[in-house]
Amino acid sequence: MPTVDDILEHIGEFHLFQKQTFFLLALLSGAFTPIYVGIVFLGFTPNHHCRSPGVAELSQRCGWSLAEELNYTVPGLGSVGETSFLSQCMQYEVDWNQSNLDCVDPLSSLAANKSHLSLSPCQHGWVYDTPGSSIVTEFNLVCAHSWMLDLFQSVVNVGFFIGAVGIGYLADRFGRKFCLLVTILINATSGVLMAVSPNYAWMLVFRLLQGLVSKAGWLIGYILITEFVGLGYRRTVGIFYQVAFTVGLLILAGVAYALPYWRWLQLTVTLPNFFFLLYFWCIPESPRWLISQNKNAKAMKIMKYIAKKNGKSVPTSFQCLREDEDAGEKLNPSFLDLVRTPQIRKHTLIMMYNWFTSSVLYQGLIMYMGLAGGNIYLDFFYSALVEFPSAFIIILTIDRVGRRYPWAASNMVAGAACLALVFIPDGLQWLKITVACLGRMGITMAYEMVCLVNAELYPTYIRNLGVLVCSSMCDIGGIITPFLVYRLTDIWLEFPLVVFAIVGLVAGGLVLLLPETKGKALPETIEDAENMQR
């Protein structure tokens, strides 16, 4: 019985049908970026200080500049632009409507030194130094309520984790196409509802719904395109599917700059998702999944459709697939299948650790290093550009060297860069930035490689489940990384870098224990996957 790869060799491994399908799914990949990293703009926290009744009138009467007004009225503000908990969250207990307050130093009549004045938490809201709006400025998620912004970020990762496992199982049980369309519909609807949410609680609910379906939909798209193309093009489309995500980062920066108001930004990046519902008529079900479910007649019908789109025909000798009624027992995916046999169990554990590592180092380096300059849009744009060289290095090496060695090297480079940062003195700032960018490039390569190889290690009927279960570990990493960075720096500033270095170097070593998948057909059965090491 011929395999899908055998038929694709005759009808086209990457011809018109595959190119059109890749373009459509690449749009889906790019549209995922606002959900994954949109918090940078949606939850932007500008400089702020307490709103004090009467200060504006006094400032107008005295002819103060903004700098003078802030220095007289904001506690702990030693110089214009300096921020602290005092300056952002506390206010002087002063009645600014008193007539005896002078313009030269209005607080001198109340205390010899401003530090002797009583302070209280902000009672009348905040003044934000921004021309636009974010969920922080609208719902006042600052000071005592700043944890609510952390919750907003964590909820997405919790949704990613639950949705990746649950929908991954459903996609292997009921089909890629059906689950893809369902996730698109829920994601688009919840995104619009979030944009019109009347309060923080409803916004949190719809953000959770987006997390539950969006990442799962992105990964289903990745699985679909790798199953539609032939062996020789599988790695290329996998890499460029992720490059489309990077392009989405650049576009998001431009859209956010043009729309600095979070509700309009959320609505603008969400509405295109409804367009993806048209994929019902554009993208067929995966023939590999149909064959794994013993629906061979339907699979052959789709293969003939692909051949027609490519201007080819299925050879007569390849039209003898077994009919449904003659098929054996239909294979249903099970979580136990991921750990039941020794080689697949080893693959699962190593892949889970590498997904976790990629997330921790990728997000951790961004949090630790910060961004040069003060323009959030340019900083975001430049940081996204760093990811492009990673993709092209993979393309240049992956077919010449293989998967394992570039992947292991990228993890080790990221780990070594983190370790080197510990010993570089602060005076060599240019060197620290260069090494940090090298680490960012290395972990970006590792992130792209883990997506590519994960799909190549599992048999068809549990491939989607395997990828989504393993990738769920990056959501666990995303949840704990802020605590890892900010809590460990309280102990020692360089402590997180030491942890990142150890985690990255161990990940690189574990990759070498995996089989090389270069030039190998996707495993169709458990036996195929178990024999890959040989």
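For the structure, check the block above.
On a predicted model such as this, the values are computed, not experimentally measured, just so you know. (Residues numbered from 1 in each chain as written. Predicted model: local features only at pLDDT ≥ 70, side-chain atom pairs only at ≥ 80, totals over all residues. Heavy atoms only, no water.)

Engineer: Honestly, the side chain of glutamate 448 in this entry has me stumped. Any pointers?
Structural biologist: With respect to the element layout, glutamate 448 can be found in helix α21 (residues 429–456). Of the side chains with opposite charge, arginine 440 comes closest to the buried, unpaired glutamate 448, at an N-O distance of 9.6 Å. With residues near it in sequence (within four places) discarded, glutamate 448 still touches Ile239, Gln242, Glu387, Ser390, Ala391 and Ile394. (Helix = DSSP H or I, 4+ residues; strand = E, 2+ residues; numbered from the N terminus. Buried < 20%, exposed > 50% of the residue type's maximum accessible area, 1.4 Å probe, protein only. Lys, Arg positive; Asp, Glu negative; His and termini not counted. Salt bridge = Lys/Arg side-chain N within 4 Å of Asp/Glu carboxyl O. Contact = heavy atoms within 4.5 Å.)

Engineer: I keep staring at the state of the cysteines and nothing clicks. Help me out?
Structural biologist: Linking two cysteines covalently via their sulfur atoms produces the bond known as a disulfide. Scanning the entire structure with this criterion turns up one disulfide. The partner cysteine of cysteine 50 in its disulfide is cysteine 122, sulfur to sulfur 1.6 Å. Its S-S torsion of about -65° marks the bond between cysteine 50 and cysteine 122 as left-handed, since a negative value means left-handed. Pair noted here: cysteine 50 is in strand β1 (residues 48–50) and cysteine 122 is in the loop between β3 (119–121) and β4 (126–128), with a separation of 72 residues, a long-range link. The same class applies to cysteine 50 and to cysteine 122, which are both buried. (Disulfide = S-S within 2.5 Å.)

Engineer: When you look at the pattern of salt bridges in this model, what are you seeing that I'm missing?
Structural biologist: Two side chains with opposite charge may pair up if their charged atoms get near one another. If you walk through the whole model with that rule in mind, you get six salt bridges. Close ionic contact of arginine 263 with glutamate 138 constitutes a salt bridge, the shortest N to O distance being 2.5 Å. Remark: glutamate 138 occurs in helix α8 (residues 135–139) and arginine 263 occurs in helix α13 (residues 262–270); sequence separation between them is 125 residues. Classification of arginine 263 by relative accessible area gives partly exposed; the value is 23%. Relative accessible area serves as the criterion here: at 34%, glutamate 138 is assigned to the partly exposed category. Glutamate 456 is paired through a salt bridge with arginine 403; the nearest N and O atoms lie 2.9 Å apart. Here glutamate 456, found in helix α21, pairs with arginine 403, found in the loop between α19 (387–397) and α20 (404–423); they are 53 residues apart in sequence, far enough to count as distant. Residues joined by salt bridges that share partners form a network here, namely Arg234, Arg403 and Glu456.

Engineer: What is the right way to read the packing of aromatic side chains from this model?
Structural biologist: Two numbers describe a pair of aromatic rings. These are the distance of the centres and the angle of the planes. The tally for this structure, following the rule as stated, stands at 23 aromatic pairs. An angle of 85° between the planes, with centres 5.1 Å apart, marks the rings of phenylalanine 280 and tryptophan 281 as edge-to-face. Its relative accessible area of 45% is what places phenylalanine 280 among the partly exposed residues. Clustering of aromatic rings is evident, with ring pairs tying together Phe32, Tyr36, Phe160, Trp218, Tyr222, Tyr241 and Phe245. Over the ring of tryptophan 355 we find lysine 215; its NZ or CZ atom is 6.0 Å from the centre of that ring. (Phe/Tyr/Trp six-rings, centres within 6.5 Å; stacked < 30°, edge-to-face > 60°. Lys NZ or Arg CZ within 6 Å of the ring centre and 35° of its normal.)

Engineer: Sorry, what's going on with unusual backbone geometry here?
Structural biologist: Negative phi values dominate among residues other than glycine, just as trans dominates among peptide bonds. Phi is positive for asparagine 140, close to 55°, though the residue is something other than glycine. One non-glycine residue with positive phi stands out, namely cysteine 143, at about 55°. As for its position among the elements, cysteine 143 is in the loop between α8 and α9 (147–174). A residue is classified by how much of its surface remains accessible, and cysteine 143, at 17% relative accessible area, is buried.

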